[in-house]
Amino acid sequence: MTRRSYFAASLAAVATLCTTIILAPLTADACTRVVYLGAGGNIVTARSMDWKEDVGTNLYILPRGMQRDGAVGPNSVRWRARYGSVVATGYDVSTTDGANEKGLMANVLWLTESQYPSFDRDSKPGLTIAAWAQYALDNFATVAEAVDALKDPPFTLVTSNVPGQNRLTTLHLALSDVNGDSAIVEYIDGRPVIHHGRQYQVMTNSPTFDQQLALDAYWKQIGGTVMLPGTNRASDRFARASFYINAIPKSAPPNRSLASVFGVIRNVSVPYGIATPDQPEISSTRWRTVFDHKRRLYFFESALTPNTFWVDLKKIDFSKHTGQVMKLDLGPNQDHTFNGDTTADFVASQPFRFLGLP
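The structure displayed is predicted, hence computed values, not measured ones.

Backbone hydrogen bonds are what pair the strands of a sheet, in a parallel or an antiparallel way. Strand order in the open sheet formed by seven strands is 14-1-2-15-16-17-19, and the pairing between neighbours is mixed. Where the open sheet ends on each side, the last strands, each with one partner, are strand 14 (202-203) and strand 19 (340-341). Where strand 15 (residues 285-292) and strand 16 (residues 297-302) come together, six bridges link them in antiparallel fashion. Within strand 16, the residue paired with Arg288 across the bridge is Glu301. Sheet contacts for helix 5 (residues 234-247): strand 1 (30-37) and strand 14; angle to strand 1, the most-contacted strand, approximately 15°.

Further remarks concern the packing of helix 4 (residues 209-222) against helix 5. Running from N to C, helix 4 and helix 5 cross one another at 55°; their axes reach a closest spacing of 9 Å. Taken as axis vectors, helix 4 and helix 5 run oblique relative to one another. Our pair here, helix 4 against helix 5, has a crossing hand that is right-handed. The segment helix 4 lies against helix 5, with Phe209, Gln212, Leu213, Leu215, Asp216, Trp219 and Lys220 engaging Ala234, Ser235, Phe238, Ala239 and Ser242. Partitioning the contact of helix 4 with helix 5 into residue classes produces seven nonpolar, three polar and two charged.

Reading the values: the criteria
- In this numbering scheme, every chain counts its residues from 1 along its sequence in written order.
- Confidence filtering applies because this is a predicted model: local features only for residues at pLDDT of at least 70, side-chain atom pairs given and counted only at 80 or more, and all residues used for totals across whole chains, interfaces and linings.
- By convention in this description, side-chain values take in all heavy atoms of the structure and omit both hydrogens and water.
- When DSSP finds two or more bridges between two strands, those strands count as paired.
- In DSSP terms, a helix is any run of H or I states spanning at least four residues, a strand is any run of E spanning at least two, and both are numbered starting from the N terminus.
- Residue contacts are counted whenever heavy atoms from the two residues lie within 4.5 Å of one another.
- Axis geometry follows a simple rule: fit a line to the C-alpha atoms, using only the stretch in contact for helices, then measure angles between N-to-C directions, giving values from 0 to 180 degrees.
- Working rule for angles: under 35 degrees goes down as roughly parallel, over 145 as roughly antiparallel, 65 to 115 as roughly perpendicular, anything else as oblique.
- It is the rotation of the near helix from the far one that decides the hand of a crossing: anticlockwise by less than a right angle makes it left-handed, clockwise makes it right-handed.
- For this classification, the nonpolar set comprises Ala, Val, Leu, Ile, Met, Phe, Trp, Tyr, Cys and Pro, the charged set comprises Asp, Glu, Lys and Arg, and every other residue, Gly included, is treated as polar.

Put into C-alpha cells, the structure is as follows:
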C-alpha cells in the first residue's frame, strides 16, 4: 500500500468514526482524565469535571474499616474498607473522584454507550454505580489487583437516574496507581470490557474507548506540532490530551511536573459559562483534580475560585480505631476559597449516603 493510499484509508476510517460520533446520542456532560508518566516514579493523574449544572461536590476523608453495602436493597454486596481515601463527591451521593492511602486513584466519567447487566435480586449481589469508584478505592492498592477482581466482579453493577434528571447514569471507570499502571473499565452489552496497561493514559467520553484509540492513532500520524483538533468534543479533547501529556518534560522536578500536568488538563477544559445550543454535549468545566501518586498530594481547583489547594494524605489518620469521617465543604458551585494545604481544615462529619435503590 502506498503512503497516499494508506493515508486515504486512514482518513476514511476516521470519517466513519466521526459519522458514528455525530449520529450518536448527545449528552450534556464531558470530562477528561490524563496520566503523566515521569522519570523517577513521578506519576501524576489529572481530571476535569464538566457538567451542565452545579454537581454538588464536597471533599471527604474516609478512614479504613468503614462497613459498606451496595445500596440496592437486601441483595447488596457488602464489604469493609481496607484502605482510607480522600474523595470528591457528586451531589454528596456518589464518589466521582478520589485517591486512597496506597496511591490508587479512581475517576468516573460519562459514557453514553454504557450498557449494564440486568439486576437479578436472586443472584449476584448488586452494587450501586454511585459507589463503583469507592469500591475500588476501599479494596485495592494497585490497578492490577483491581483488574483481577473487576474482570469478573463479585457484584452486578446497578445504575439509576442522575439526581434531579430523568435519565440513567452511564459511566466508565478509570484507575491509575503509584506504578503508573492504568485501566479503563467500560460496560458494553452488559459485560465489563477492560483496557489494562501503562499506555492507556487518556480517557474522555463518547465513543467507546476502542474507537477513541482509533481516532487518536489517526492524529498521531499527522503529529501534534503540525495540527491538533481544537473543539470541545470528546474525541478532540482525547487527541489534545494524548499529545500534550506525552510532549511535556518527563524529567522535571516534581513541582514543575505538576505545573505541566495542570497545563494539560486546563488545555482540555471548557471555559465557564460556555453553552452551545446545537451541541449540548459541551458543558462548562466545574473543577479539576490532580493527584501526585508518589507524594500522596491531592489537588483541587474550582473554576470559580482563583486558588488551587491540596490535601496531604500522608498527614491523615486513616486508622479504623482513631480515624473518622471528615468533610471539607466547598460551597455552592464549589465557590468557597481555600489556600494551600487544607488537610487541617476538614471537620468531623457524618458519612454521605450512596444513592441506590430502595
